[in-house]
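Chain residues, written in single-letter form:
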Amino acid sequence: MQVVILGSGSPLPDPARAGPSTLVRTAVGDLLFDCGRGVLMRAAAAGSGAGAFRGLYLTHLHSDHLTDLNDVFTMRWVTSLVPNPLPVFGPSGTTAVLQATEAMLEPDIGYRLAHHDDLQWRPSATVTEVDRGVIFEEGAVRVTAAPTDHAPVRPTVGFRIDEGERSVVIAGDTVPCAGLDELCRAVDVLVHTVVRRDLIEQVGLPRLTDVLDYHSSVPDAARSAQRGGVRTLVLTHLVPAPVPGTEQEWIDQATAHFNGEVVLAADLLTLDVI
Ligand SMILES: [Zn+2]
């Protein structure tokens, strides 16, 4: 199994960091977790693409985590030679978001159907709204969901991917909570979104300070990793984006609370989970 951070950024546009998105490459195909800004550019750099995704898993319906849903939906359609519905798993509300995305694309769908004689079908998705438990199982690969806590955003879910003896958790946006702890038990790699409380408090802008309510700080994520006995903690969705030269500060804030390995994400960071 391999983890590729496609986007390590936050809602704020950044020239070096795409929006939140992680690819988990398994024996049964590429599983995409969230689809923030620039996801298909980064997937192309990783040698993957919309037609190849075995499934799209949404942790929640905040816009920065699905900015490019329309791109994934459309590119899967136009690059597939046969009907290839996009399997989507996400919290309650995901069906409505897919329906609205399709409605928004209606002019484009009409143009392409009229123009391409060999394109005889509409884009489509098979949506499964999930809450808790095993949501996908094929061969040695199993995906499990559990509720997380990103209140007042509700509902939200985290995902655990097991392949044989190896495991990865995609926490999404959450404060420490029982659902995340369940997923993280003895996991090899925990990919966790984080914010820097100290830096955000220094800025002091109310709209920015608000994000502290419902995200984990770096020490929060580290303590969740420590409780779970995680092997490697990957810090991603970095708010604010690290100023070059300050990367070690992020790592030090985590290692103060966690005995395992800490990795600060960059776009296209690739980890072999072996
Ligand atoms: Zn969020």
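Structural notes, computed from the coordinates. None of these values were measured; they are calculated from a predicted model. (Residues numbered from 1 in each chain as written. Predicted model: local features only at pLDDT ≥ 70, side-chain atom pairs only at ≥ 80, totals over all residues. Heavy atoms only, no water.)

**Section: the coordination of the zinc ion**
Part 1 of the argument: Bound to the zinc ion are the protein donor atoms His60 (NE2), His62 (ND1), His150 (NE2) and Asp173 (OD), situated 2.2 to 2.3 Å from the metal.
Part 2 of the argument: Classification of the site at the zinc ion rests on its four donor atoms, whose angles at the metal span 92 to 158°, yielding the label irregular.
Part 3 of the argument: Between consecutive donors of the zinc ion, the numbers of intervening residues give the motif H-x1-H-x87-H-x22-D. (Donors = N, O, S within 2.8 Å, 3.2 Å for Na, K, Ca; no water. Tetrahedral: all angles 85-135°; square planar, octahedral: opposite > 155°, others 65-115°.)

**With respect to the sheet that holds strand S9 (residues 157–163)**
Part 1 of the argument: Overall, mixed pairing links the seven strands, which are arranged S7-S8-S9-S10-S11-S12-S13 in an open sheet. With one partner strand each, in any of the chains shown, strand S7 (133–138) and strand S13 (261–264) form the two edges of the open sheet. The mean inter-strand angle of the sheet, taken between neighbouring strand axes irrespective of direction, is 20°.
Part 2 of the argument: Where strand S12 (residues 232–239) meets S13, four bridges bridge the pair, whose relative direction is parallel. Residue pairing for S13: Val234 is matched across the bridge by Val263.
Part 3 of the argument: Relative to S13, helix H9 (residues 247–255) is tilted by about 150°, and along the sheet it contacts strand S11 (189–195), S12 and S13. (Pairing = 2+ DSSP bridges. Helix = DSSP H or I, 4+ residues; strand = E, 2+ residues; numbered from the N terminus. Axes fitted to C-alpha atoms, helices over the stretch in contact; angles between N-to-C directions. Contact = heavy atoms within 4.5 Å.)

**Here's the deal with the nonpolar core**
Part 1 of the argument: With 27 residues, the main nonpolar core has Tyr57, Phe159, Ile161 and Val168 as its most contacted residues.
Part 2 of the argument: Only strand S1 (2–7), strand S3 (29–33), S7, strand S8 (141–147), S9, strand S10 (166–170) and S11 provide two or more residues apiece to this core.
Part 3 of the argument: Leaving out residues up to four positions away in the same chain, Val168 has contacts with Met1, Val3, Val24, Phe159, Arg160, Ile161, Val187, Val189 and Val273.
Part 4 of the argument: Membership of the second largest hydrophobic core comes to 25 residues, among which are Phe53, Phe73, Leu98 and Trp121. (Core = buried A, V, L, I, M, F, W, Y, C linked by side-chain atoms within 4.5 Å. Buried < 20%, exposed > 50% of the residue type's maximum accessible area, 1.4 Å probe, protein only.)

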